[in-house]
Every structure is written in C-alpha cells, then in structure tokens.
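# Coordinate inspection notes
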Amino acid sequence: MLEQLSDIRERAMAALAAVDSLTALDAWRTEYLGKKSFVTAALKSIGQLPPEDRPVVGKAAHELRLALEAALEEARQRVLALEQERAAQAERVDVTLPGRPATLGRLHPITQILYEIYSIFAEMGFQVYDAPEVETDELNFQLLNLPPDHPARDMWSTFYTTRDGILLRTHTSPGQIRAMRQFCPEPIRVILPGRVYRYEAVTARSESMFHQVEGLAVGPRITMADLKGVLTDFARRLYGEHRQVRFRCSYFPFTEPSMEVDVSCALCDGAGCRVCKHTGWVEIAGAGMVHPQVLRNGGYDPEQFTGFAFGMGPDRIAMLRYGIDDIRYFYSDDLRFLAQF
Ligand code: DAH
C-alpha cells in the first residue's frame, strides 16, 4: 500500500507538470483527488487494514492528499497566468500599425454653391423656402400667367405624369405662389432653391434636371431699385468686389417689367473670352417686378403691395467658378470628378 501511494504521488506530480489549461487541470483534479481517485479510496479503506498498519498507511495517505491539494493550488496559479497570456495574445493589437484611413465624404460642388448663395441672401434677410418638385400645371404655369395655350409655354416643356395636371416643375417660380399664399398679408423675403426639370435634349450645356434658386420679395414699397441693389450686391459678393452688373430688357409672363441680369465676366474681366463668348458679360439671372396678376394670385392686393423676383442657375455658377465646360459632369457620379471639390 505504501509503495502504491508513492507511485501515485510520482505519477500525479508528473501529470500535473504537463497540465497547461484549466480544463486539463479540472480533469487532473477528478483523477487524483476526486471521489473515485486512488487516494480517496485508500483513505476510505483504512478501516479494513490490520490495526497495526492503520496509523502508518493512514498518515501516508493523508499526507499525500494534502500534498496533491497544495500542488493543485500552485498549478492553478500557473495555469491561470498561462490562460491570461494566451487571451492577451489572441486579442493583441499592434498599436504601431498605420491606421486605415476613413474615406471622408464631401459636399457636392452644386451644394457648396447653394450654401454660399443661402448665406449671402441670409445676410440680406432672405429665408429659404422649400417647395415641391412635383407640381400642378396650375402653379407651374397658369397662376404665373401661362394659360394652357400660351406660346411662352414652349420655353418650359416638361415631364408630365399620368395624373392629369400633375407635372415636374420646370422652374422654381411656382414656389412664389406657395410662399405668397402662406405669408399673405405679411411682407416676404425668401429664396426658393431646388431641382427643376426640362424635357430637352441633353447636351454639354443643358441637362433634363438642373437647379434653380428663385428669389421673391413682396412688401408695401418695393421698387426696381431694391431689385437692382439686391442683385448687384449679390453678384459682387459671389463673383468679386469689382464686378459690374447690367440689366437688360427681357420678357417673362410673370414679371412686368422683366429683365435679364448680366455680370462682367470674371475670367477675362470684361475683355472677352471663350466663357463669355467674347461679349465680356455672363448672364446670371432672369428677374423682374412681380406681375400684378401674380401678386393677386398669391393673395396680395397689387394696389397695396409690390414685389420683385428673380431666378438663377447655380449649376451655371459652379461651371463658371470652376471652369467646367460640361454640365453632365455634375450628375454622372464620377468620384474622379467630384473628389476635386
Ligand atoms: N422662371 C424663369 C426660368 O426658369 C426664371 C425667372 C425669370 C424667375 C424671371 C423669376 C423671374 O422669378 O422674375 O427661366
């Protein structure tokens, strides 16, 4: 019996030295200290030994159990440290590796121009007014003095929907009626930005979708001097201090009088170049005094109120600013183009 106990001790200690995980440690504990282990059985069987052998064997078995228990505790510390080390290795992060650069998005060049326009007009007291891109024929045309048979409709042919009288707006001008109807009888100073649609052949100079920024001011004493002042100030802030601005007679059904607004070409300073087609001037907006009937359609009494309005194309502004000669670049989603802004 004593010999067996010492064999067991040797075997147990050797096995314990090889244990390198908590699972293996648990298995070891069951084998050498568990209910069915030799030591436990030896301790239980002491009663059956001849009385003279009992103290010696009992002492030896008990000592072995204490020794195994002590060794188990020691091994547990060692294995815990090992497991921690292993976990640390598995989760290791090399902080010296270069980071993966996050690709940053940016604002579309047209959006950048729009934001610039908003901030210039905001300083002059104009708020941004949102109007829908899907419009009625009534607002897009009729209430702007373009009845169904009006020849000027040819300037704005659009996409019609299958719903009678519903179309994609050809300009931001119908928003004027919406703003007037909402604010009447208060005075108004708004800009109306957004997308507009034209049923036209797509070329370098025209897309079937592009942007406009409409402007509208309505009040008791608004004159053409206000229109000229606001647009001159705007043009100089956007294109540069020294730009000259000129107003040419024109025709729009919803304004009277109507005009087109030109700014001296920023590229050649008015000397004449390819961009201004050698005229020295670049057209930046259509404008005019709001037609009395349009004021009436918005709810205002034209005897009491006057107003001015204008419409400009931020796509063209961006083309001029960045020297881009084809509007289609803006809408082709080509990152090689867009990442330049
Ligand atoms: N709606 C016109 C167009 O799309 C632009 C325009 C001209 C707007 C004169 C106006 C204006 O508000 O007064 O061609």
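Residues numbered from 1 in each chain as written. Predicted model: local features only at pLDDT ≥ 70, side-chain atom pairs only at ≥ 80, totals over all residues. Heavy atoms only, no water.

### As for the nonpolar core
Judged by nonpolar contacts, the single largest core of 46 residues is most densely connected at Phe121, Phe308 and Met312. With seven residues, helix H8 (residues 224-239) is the largest single contributor of residues to this core. Residues contacting Phe308, with those up to four places away along its chain left out, are Phe126, Gly215, Leu216, Ala217, Ile222, Thr223, Asp226, Leu227, Val230, Gly288, Met289 and Val290. Core analysis: the second largest hydrophobic core is formed by 25 residues, Ala152, Ile188, Leu216 and Leu295 among them. (Core = buried A, V, L, I, M, F, W, Y, C linked by side-chain atoms within 4.5 Å. Buried < 20%, exposed > 50% of the residue type's maximum accessible area, 1.4 Å probe, protein only. Helix = DSSP H or I, 4+ residues; strand = E, 2+ residues; numbered from the N terminus. Contact = heavy atoms within 4.5 Å.)

### Remarks on the packing of aromatic side chains
Evaluation of the coordinates by the stated rule reveals 16 aromatic pairs. A ring pair is formed by Phe308 and Phe310, whose centres lie 6.4 Å apart and whose planes are at 20°; its orientation type is stacked. A residue is classified by how much of its surface remains accessible, and Phe308, at 3% relative accessible area, is buried. Taking the centre distance of 5.2 Å and the plane angle of 15° together, the rings of Tyr329 and Phe337 count as stacked. According to the relative accessible area criterion, Tyr329 is partly exposed, its value standing at 42%. Given a relative accessible area of 8%, Phe337 falls into the buried group. Taken together, the ring pairs in this structure connect Tyr322, Tyr329, Phe330, Tyr331, Phe337 and Phe341 into an aromatic cluster. (Phe/Tyr/Trp six-rings, centres within 6.5 Å; stacked < 30°, edge-to-face > 60°.)

### With respect to the packing of helix H3 (residues 38-45) against helix H4 (residues 54-90)
For the pair H3 and H4, interaxial distance at closest approach is 9 Å and the crossing angle is 150°. With respect to each other, H3 and H4 are oriented roughly antiparallel. Note on packing geometry: the crossing formed by H3 with H4 is left-handed. Across the interface between the two elements, Val39, Ala42 and Leu43 from H3 touch Gly58, Ala61, His62, Leu64, Arg65 and Leu68 from H4. Of the residues in the contact of H3 with H4, the class split is six nonpolar, two polar and one charged. (Axes fitted to C-alpha atoms, helices over the stretch in contact; angles between N-to-C directions. Parallel < 35°, antiparallel > 145°, perpendicular 65-115°, else oblique. Left-handed = near helix turned anticlockwise from the far one by under 90°. Nonpolar A, V, L, I, M, F, W, Y, C, P; charged D, E, K, R; others polar.)

### Some details on the site of the ligand
Near the ligand lie 16 residues; those nearest to it are His171, Ser173, Arg198, Gln212 and Glu214. In this structure, a nitrogen atom belonging to the ligand sits 2.9 Å away from a side-chain N or O atom of Ser173. Phe310 is positioned with one of its backbone polar atoms (N or O) 3.3 Å from an oxygen atom of the ligand. For the ligand, the protein covers 92% of the area, taking 360 Å² as the surface of the free molecule. (Near = heavy atom within 4 Å. Polar contact = N/O pair within 3.5 Å; in protein donor to acceptor, adjacent residues only side chain to side chain. Areas by Shrake-Rupley, 256 points an atom, 1.4 Å probe, with all protein chains shown as cover.)

### Let's talk about helix H2 (residues 22-33)
Along its twelve residues, H2 runs 16 Å from first to last C-alpha, staying within 8% of the 16 Å computed at 1.5 Å per residue. Within the span of H2, buried status applies to Leu25, Trp28, Tyr32 and Leu33. When H2 is viewed along its axis, its buried side chains cluster within an angular range of 85° and face the same direction. At its buried positions, H2 is contacted by helix H1 (2-18), H3 and H4. (Expected span 1.5 Å × (residues − 1). Arc of directions from axis to C-beta.)

### Section: the side chain of Glu260
Inspection of the secondary structure puts Glu260 in strand S7 (residues 255-264). We classify Glu260 as buried; its relative accessible area is 16%. In this structure the side chain of Glu260 is engaged in a polar contact, spanning 2.7 Å, whose partner is the side chain of Ser250. Filtering out sequence-adjacent residues up to four positions away, Glu260 remains in contact with Arg246, Phe247, Arg248, Ser250, Phe252, Glu283, Ala285 and Gly286.

### A few points about the domain arrangement of the protein
In many reports, interface size means the accessible area that the parts give up when they come together. Each assigned domain of the protein is listed here: domain 1 (2-91) and domain 2 (112-338). Computed from C-alpha atoms alone, the centre-to-centre distance between domain 1 and domain 2 is 91 Å. (Domains from an automatic or database assignment.)

### Some thoughts on the sheet that holds strand S5 (residues 209-219)
An order of S1-S4-S5-S9-S8-S7-S6 is seen for the seven strands of this open sheet, with the pairing classed as mixed. Two strands bound the open sheet, and with one partner strand each, they are strand S1 (127-128) and strand S6 (245-250). In this sheet, strand S9 (residues 306-312) lies alongside strand S8 (residues 281-290) in antiparallel orientation, the contact comprising five bridges. Its bridge partner being in S9, Gly286 is matched across the sheet by Gly311. Those strands touched by helix H7 (residues 174-183) are strand S4 (188-197), S5, S8 and S9, and its axis lies near 145° from that of S4. (Pairing = 2+ DSSP bridges.)

### Quick word on the layout of surface pockets
Roughly 1300 Å³ of internal volume is contained in the largest pocket. Around the largest pocket, the lining comprises 47 residues; the ones closest to its centre are Arg205, Phe210, Glu283, Gly313 and Arg316. When contributions to the lining of the largest pocket are tallied by element, the ones reaching two or more residues are S5, S7, S8, S9 and helix H10 (314-322). The greatest single-element share of the lining of the largest pocket, amounting to eight residues, is contributed by S8. Class assignment for the residues of the lining of the largest pocket results in 22 nonpolar, 13 polar and twelve charged. (1 Å grid on protein atoms, 1.4 Å probe; cavity = no way out; pocket = protein on both sides within 12 Å on 5 of 7 lines; lining within 4 Å. Points joined across faces, edges and corners; volume = space filled by probe spheres on them.)

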